[in-house]
Amino acid sequence: MKHVEVVCAVIRNDKNEIFCCKRGPGRALEGYWEFPGGKVEANETHEETIVREIKEELNTIIEPIRYVGVSNHEYTDLNKPFSITMYAYECKLIQGELELTEHTEKIWVKVEDLKKIDFAAADLPIVGMIKKDKNYKLCWKNEYRELKWD
Ligand SMILES: Nc1nc2c([nH]c(=O)n2[C@H]2C[C@H](O)[C@@H](COP(=O)(O)OP(=O)(O)OP(=O)(O)O)O2)c(=O)[nH]1
């Protein structure tokens, strides 16, 4: 089964709401909600991946500030099954308005309401970690690489 390594951004506003967006047509898991992000490319650090993906997808500059956790999932019931390892980092907005260029919808969701959203299955453990605020580890700049394989 094909395996992908993905990094996603947990972006929080000052009302303790989390930014979520809906996957667009023609893509894997079309119509499901997700945390923005994408696949790690060769020789890229997680920090580089998340900064690049958020610039590409949302025309916005972010800075990863802490590691949230990792989720492993096998999408066995899709047309093209695959397995995923997805690392989530909480990120701070630096510049930009989170403009959609690939997704069809965006929404800010209160942490306590995240469970009501129809997330891609791999996201559910990350939702649980955000809700419990557990598994968070301080991850300032030079600690990223050491935490990469947690
Ligand atoms: N970005 C993101 N992808 C997720 C999440 N949950 C989840 O299962 N995925 C899956 C969907 C995709 O199969 C894969 C991410 O690939 P992608 O299509 O968003 O990333 P990409 O831009 O690097 O890919 P590509 O289409 O350019 O090849 O991970 C999530 O919360 N965020």
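Thresholds, definitions, all that
Residues numbered from 1 in each chain as written. Predicted model: local features only at pLDDT ≥ 70, side-chain atom pairs only at ≥ 80, totals over all residues. Heavy atoms only, no water. Buried < 20%, exposed > 50% of the residue type's maximum accessible area, 1.4 Å probe, protein only. Helix = DSSP H or I, 4+ residues; strand = E, 2+ residues; numbered from the N terminus. Pairing = 2+ DSSP bridges. Near = heavy atom within 4 Å. Polar contact = N/O pair within 3.5 Å; in protein donor to acceptor, adjacent residues only side chain to side chain. Areas by Shrake-Rupley, 256 points an atom, 1.4 Å probe, with all protein chains shown as cover. 1 Å grid on protein atoms, 1.4 Å probe; cavity = no way out; pocket = protein on both sides within 12 Å on 5 of 7 lines; lining within 4 Å. Sits in = over half its atoms within 2 Å of the grid points. Nonpolar A, V, L, I, M, F, W, Y, C, P; charged D, E, K, R; others polar. Salt bridge = Lys/Arg side-chain N within 4 Å of Asp/Glu carboxyl O. UniProt positions renumbered as here; feature names shortened; annotations may be inferred. Core = buried A, V, L, I, M, F, W, Y, C linked by side-chain atoms within 4.5 Å. Contact = heavy atoms within 4.5 Å. Expected span 1.5 Å × (residues − 1).

(A) How the structure looks around the pairing of strand β6 (residues 82-95). The element β6 is largely enclosed, with a buried count of 10 among its 14 residues. As paired strands, strand β1 (residues 2-11) and β6 are joined by 10 bridges and run parallel to one another. Paired with V10 across the bridge in β6 is E90. With 13 bridges joining them, strand β5 (residues 61-75) and β6 adopt antiparallel strand pairing. For E63, the partnering residue across the bridge sits in β6 and is K92. Count of turn residues in the β5/β6 antiparallel hairpin: 6 residues.

(B) Quick peek at the site of the ligand. Not every one of the 18 residues close to the ligand is listed here, only the nearest: E34, F35, K39, Y75 and D123. Between the ligand and the protein, one listed contact pairs an oxygen atom with a side-chain N or O atom of R27 at 3.0 Å. Between the ligand and the protein, one listed contact pairs an oxygen atom with a side-chain N or O atom of K39 at 2.8 Å. Coverage of the ligand by the protein amounts to 81% of the 630 Å² it exposes when considered alone. In a pocket analysis with a 2 Å cut-off to the grid points, the ligand is assigned to the largest pocket. Counted by class, the shell around the ligand contains 10 nonpolar, 2 polar and 6 charged residues.

(C) Spotlight on the pattern of salt bridges. Summed over all chains, the structure comprises 11 salt bridges. Note that R52 is salt-bridged to E41, the shortest N-O span being 3.8 Å. Here R52 is found in helix α1 (residues 46-58), whereas its partner E41 is found in the loop between β4 (37-39) and α1, with 11 residues between them in sequence. Among the ionic pairs, R52 bridges to E44, the shortest N-O distance being 2.6 Å. Exposure remark for R52: the relative accessible area of 18% places this residue in the buried category. What emerges from the salt-bridge pattern is a single network uniting E41, E44, R52, E53 and E56.

(D) Representation of the sheet that holds strand β7 (residues 105-110) in the model. Spatial ordering of the open sheet is given by β3-β2-β7, a layout of 3 strands whose pairing is antiparallel. Only two strands of the sheet have a single neighbouring strand rather than two, namely β3 (33-34) and β7.

(E) Seen up close, the UniProt feature "domain: Nudix hydrolase" (unreviewed entry) in the protein. Per the UniProt record, "domain: Nudix hydrolase" (unreviewed entry) is found at residues 1-132. Here residues 1-132 runs as 17% helix and 42% strand, with 32 Å between its end C-alpha atoms.

(F) Summary view of the nonpolar core. In terms of nonpolar packing, the biggest core is built from 26 residues, with F35, I84, L114, F119, I126 and I130 touching the most fellow members. Counting only elements with at least two residues in this core, the list comes to β1, β2 (17-22), β5, β6 and α2 (124-132). With near-sequence residues (within four places) excluded, I126 lies in contact with F35, V68, G69, V70, S71, M86 and A88.

(G) Here's a closer look at α1. Helix length check: α1 (13 residues) gives 18 Å between terminal C-alpha atoms against 18 Å at 1.5 Å per residue, within 8%. Buried residues of α1: H46, E47, T49, I50, R52, E53, I54, E57 and L58, and no others. At the C-terminal side of α1, N59 shows a positive phi close to 50 degrees.

(H) Focus on α2. Among all positions of α2, only I126, V127, G128, M129 and I130 are buried. On its buried side, α2 packs onto β1, β2, β5 and β6.

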